[in-house]
Amino acid sequence: MPNKPNKYRLPVGTLALVVLLLILSACQPTPEKEPVVVKTEDYVAEAIQPKDGTQYKYDAPNNVEFHNEISGLDLTINAPVVIPQTDVYPVAEIEKAAFDETYYRNVMRFFYPDEQWVETPQETKRDILERMSYLTSLAEESDTDIANELIELQQRLATAPDDSAAIPFSFNDLPGKTFFEAYHYNENTATYAVLVAQMNGNTYQYRRDSDSYWVRESNAETLEQKNDFTSTNPKLESESAMGIAQDAMKNLGADSNMKFSFMEKAIAYNDKGLQGIGWIIFFIRDCGGLQATYMDEWRIWKGSPPPSNAAPWESEYMYVIVDENGKIAQYDVRGAGEQVAIIAENTQLMPFDDILDRIKQQLVYNHAYQENHVEEYSVMVNEIRLASALINVKDRRDIGHLVPTWEVMYEFHERLKGENEPTVYHCRVCLNAIDGSYIEPKAYIGRIAQ
């Protein structure tokens, strides 16, 4: 079996986490040092910088070059060291969000002020007649597509239920902490919007068309999708889309520390093909200029000691999809929290030379574990970046700490016997920048324990 990681991917457009588990097995060489394991949060108090007005500037090179074999691992580092323009390295306390009925009512009202939400997406006679009236007002009778849809609607009208068959959605029918779905009919498109959420949870998703799904450009897989992105561009400027997304976040009470991370073109598809184009905009938590990095997967390598800390709950991020007509097509909130305190306004980070030693050590733990059928294996580090990460706090289930974090981006190359070319895995490992401990902020602590 190839030496592969336990890999977990979080695809855009679904609330469910798709878990891809691939098992590693091999022998373990003995690294020269034991891994750093943090048992308490005392390291934060010990690292707090005094408020004497002194500016603390972290000393690190602009680039790191290194090549050697360590415990059997061919390790190359040729990486820029990226440090944001900031003189402070704070630690913040984040409380897990708990969205209640009042909050969700506001979400429903924001997207559809009439609040006509129903339990199931059941098309009624009224819905069909409104759609037929809308289509008739838009096009000439010679428009073949419109004519064909009117014929189809006429056939559906014969068997559609009356208006009274559509059951209104009510929060009174929901027990506590239960996932729910609510739908709203849009007569202009003959589609249903959907809100999928959990009472007192911290994750929900609104989609304007429950039958469509969006693909962002970097995730295009098929040749058809790639051609669509090449040949199609949104009429709406990206700056305008950004303004619409930020206005929605403000109206829906998003934490002000959720800052813009990146945006891409996105295309909507359903079973009939391409349905629309727009922009997908990601927002990630920031503290003091140190922003977490969005990644839609995480890996833990068998044989490596477990991380000292992981995420206190499912990974936190937000994204908003704005179509080219300026309408919000999707509003997605994952693992939401709220900053409630700054524990330390500034902390002293571990010296970079010590961090570099810890990076090498952790990569050995991750990858110097091979079976006999592995012919060649190596690691190439291509970026070292100072960011922040949300990690769990011992015995505090609904609280996390946002700490300065080193993110190490690298490639793991593995060639099996009988193969001509290696398989390349694009990976990342995180170290707490204060004490150098190995952390996994994208992996929910409960999932690691399993």
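For the structure, see preceding data.
Residues numbered from 1 in each chain as written. Predicted model: local features only at pLDDT ≥ 70, side-chain atom pairs only at ≥ 80, totals over all residues. Heavy atoms only, no water.

### Here's the deal with the layout of surface pockets
Where empty space is left becomes clear once a probe the size of a water molecule has been rolled over the atoms. Empty space within the largest pocket amounts to approximately 1300 Å³. Considering the residues around the largest pocket, the lining is formed by 38 residues, among which Thr189, Ala190, Thr191, Asp209 and Gln275 are closest to the centre. The set of elements that each furnish at least two residues to the lining of the largest pocket consists of helix H2 (101-111), helix H3 (125-138), helix H4 (144-157), strand E6 (179-186), strand E7 (191-198), strand E10 (258-270), strand E11 (273-287) and strand E16 (328-334). Broken down by element, the lining of the largest pocket gets its largest block of residues, four residues, from H4. (1 Å grid on protein atoms, 1.4 Å probe; cavity = no way out; pocket = protein on both sides within 12 Å on 5 of 7 lines; lining within 4 Å. Points joined across faces, edges and corners; volume = space filled by probe spheres on them. Helix = DSSP H or I, 4+ residues; strand = E, 2+ residues; numbered from the N terminus.)

### Considering the pairing of strand E8 (residues 204-207)
Here E8 shows no split at all, with Tyr204 and Tyr206 on one side and Gln205 and Arg207 on the other all buried. By the bridge criterion, four bridges tie E7 to E8 in an arrangement that is antiparallel. By the bridge assignment for E8, valine 196 is matched with glutamine 205. With antiparallel pairing between neighbouring strands as the criterion, E7 and E8 make up a hairpin whose turn holds five residues, including asparagine 200 at a positive phi of roughly 65°. Direction of pairing for E8 relative to E16: antiparallel, over a ladder of four bridges. Paired with tyrosine 206 across the strands is tyrosine 331, a residue of E16. (Buried < 20%, exposed > 50% of the residue type's maximum accessible area, 1.4 Å probe, protein only. Pairing = 2+ DSSP bridges.)

### Here's the deal with the nonpolar core
Counting residues in each nonpolar core, the largest one holds 46 residues, and the members touching the most others are Val381, Ile384, Trp406 and Tyr410. Put simply, the parts of the chain that give this core at least two residues each are strand E3 (63-70), strand E4 (73-82), strand E13 (297-300), helix H7 (352-367), strand E18 (374-393), strand E19 (396-416), strand E20 (423-432) and strand E21 (438-444). Counting residues in each nonpolar core, the second largest holds 37 residues, with Tyr103, Val320, Ile328 and Tyr331 among its members. (Core = buried A, V, L, I, M, F, W, Y, C linked by side-chain atoms within 4.5 Å.)

### Side note on the environment of alanine 166
When you line up the elements, alanine 166 lands in the loop between H4 and E6. Using a relative accessible area of 18% as the deciding quantity, one classes alanine 166 as buried. Distance in space between the C-alpha atoms of alanine 166 and valine 118 is 6.5 Å, their sequence separation being 48 residues. Filtering out sequence-adjacent residues up to four positions away, alanine 166 remains in contact with Val118, Gln122 and Thr124. (Contact = heavy atoms within 4.5 Å.)

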